[in-house]
Amino acid sequence: MGKPADNRKSASRKDGRLVWNHSTHIPGLIPILERLCQQDGIQTITPGVIGRVKGHSPKMQLRISVPIRGGYKVIARQGKTVQEVFILTPLSQDTLEEMIAIACGRV
């Protein structure tokens, strides 16, 4: 008997993984996260809890909130809605901010 075939992608794969664990997301967030997944160094992106805030943000904004183990917590805001997004990456905060700007189309 030979070894079972390993169907996993190699460790040098470029695309990260977008986790779909909620049925609702802020409108327009998923296309941004899909573009971000295609960047080098992004391992996993997990959208989290949706909430309401008093302030109003007319455009979609993604802002790095705090470092977490293995990555960063990002806050996505649009209108009066806010959603947590967890990004697992070995990249520095400055590099991740640049990648978020590119994914949002601000560069």
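The rules behind these values
- Residues numbered from 1 in each chain as written.
- Predicted model: local features only at pLDDT ≥ 70, side-chain atom pairs only at ≥ 80, totals over all residues.
- Heavy atoms only, no water.
- pLDDT = per-residue confidence, 0-100.
- Helix = DSSP H or I, 4+ residues; strand = E, 2+ residues; numbered from the N terminus.
- Contact = heavy atoms within 4.5 Å.
- Expected span 1.5 Å × (residues − 1).
- Pairing = 2+ DSSP bridges.

On to the confidence of the model for the protein chain, then. Taken over all residues, the pLDDT of the protein chain has a mean of 86, while the share at 70 or more is 85%. At the level of individual helices and strands, the protein chain shows its lowest average pLDDT in strand β1 (residues 17–18), which scores 88, and its highest in strand β3 (residues 71–88), which scores 96. Taken together, the stretch residues 1–13 has pLDDT below 50 and engages in one contact with residues farther than four places along the chain or on a different chain.

The end-to-end C-alpha distance of helix α2 (residues 93–104), which contains twelve residues, comes to 16 Å, matching closely the 16 Å that a straight helix rising 1.5 Å per residue would cover. Elements that come into contact with the buried residues of α2 comprise α1 (29–37), β2 (44–68) and β3. With its phi angle positive at about 80 degrees, G105 sits one or two positions after the end of α2.

The next point concerns the pairing of β2. In this sheet, β2 lies alongside β1 in parallel orientation, the contact comprising two bridges. Note that in β2 the partner of L18 across the bridge is I45. By the bridge criterion, 15 bridges tie β2 to β3 in an arrangement that is antiparallel. Counted as the bridge partner of I45 is I87 from β3. Linking β2 to β3, which pair antiparallel, is a turn of two residues; within it G70 sits at a positive phi near 90 degrees.

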